[in-house]
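For reference, the chains in residue letters:
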Amino acid sequence: MTKILGISGSLRRQSFNTALLHAAVPLLGEGVELDIATLHGIPLYDGDLDAQGQPQAVLDLKARVLACDGLLLSTPEYNNGIPGVFKNAIDWLSRPASEIKKVFGNRPVALLGATPGGFGTISAQAHWLPVLRALGTRPWFGGRLLVSRAHQIFNENGELVDEAVRKQLRDFLHGFSQFM
């Protein structure tokens, strides 16, 4: 069984990025499982707090990363960049620095994202690349999923209602699964 951990970079209750991950579950191929994580409970990174021991929410997320075969980062885009809460979580996961290779080294990673705006999450996804490089991940460049006008793609219950996007998501997941 191939295990993918999908992390939503939004804290919003009706997040389009969390909904995108939930929409992915029934589209996965045989033998592929998706575990969905959010960033709730992860405090702002503080070296003093870290010196006292990592918070349980960080330890739990790190354990889920270590247990997966690949990461699916579902990123919103705020002001043309990476959301602070998402980068903060990755900063926590990269501590202590001696564990970066264990947590992220050569780990397959794919980026996708949804936004109400017209350009998808192209800028946020581009901003992730130097971070992923610094962590030593193995990014998948075989596909890109940029969901724009997300308020028209998902209904009020957070269900994906656009068949073209559903097909793009299915193809994206298949490509990433093959890459891993």
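Right above here is the structure, for reference.
Residues numbered from 1 in each chain as written. Predicted model: local features only at pLDDT ≥ 70, side-chain atom pairs only at ≥ 80, totals over all residues. Heavy atoms only, no water.

A. Broad picture of the nonpolar core. With 28 residues, the main nonpolar core has Leu72, Phe154 and Leu169 as its most contacted residues. For this core, the secondary-structure elements that each account for two or more residues are α1 (16–24), β2 (32–37), β4 (108–114), β6 (145–147), α7 (150–153) and α8 (163–179). The biggest single contributor to this core is α1, with six residues. In this structure phenylalanine 154 touches Phe16, Ala19, Leu20, Ala114, Glu159, Leu160 and Val161, once residues within four positions along its chain are discounted. Counting 24 residues, the second-largest nonpolar core is a separate cluster that includes Val65, Cys68, Leu71 and Leu135. (Core = buried A, V, L, I, M, F, W, Y, C linked by side-chain atoms within 4.5 Å. Buried < 20%, exposed > 50% of the residue type's maximum accessible area, 1.4 Å probe, protein only. Helix = DSSP H or I, 4+ residues; strand = E, 2+ residues; numbered from the N terminus. Contact = heavy atoms within 4.5 Å.)

B. Layout of unusual backbone geometry. Note that the residue after arginine 95, namely proline 96, is joined by a cis bond; omega there is -10°. Mapped onto the fold, proline 96 is located in the loop between α4 (84–93) and α5 (100–104). Not every positive phi belongs to a glycine, and asparagine 79 is a case in point at roughly 50°. For asparagine 79, the location among the structural elements is in the loop between β3 (70–74) and α4. With a phi close to 55°, arginine 149 is a non-glycine residue in the positive phi region.

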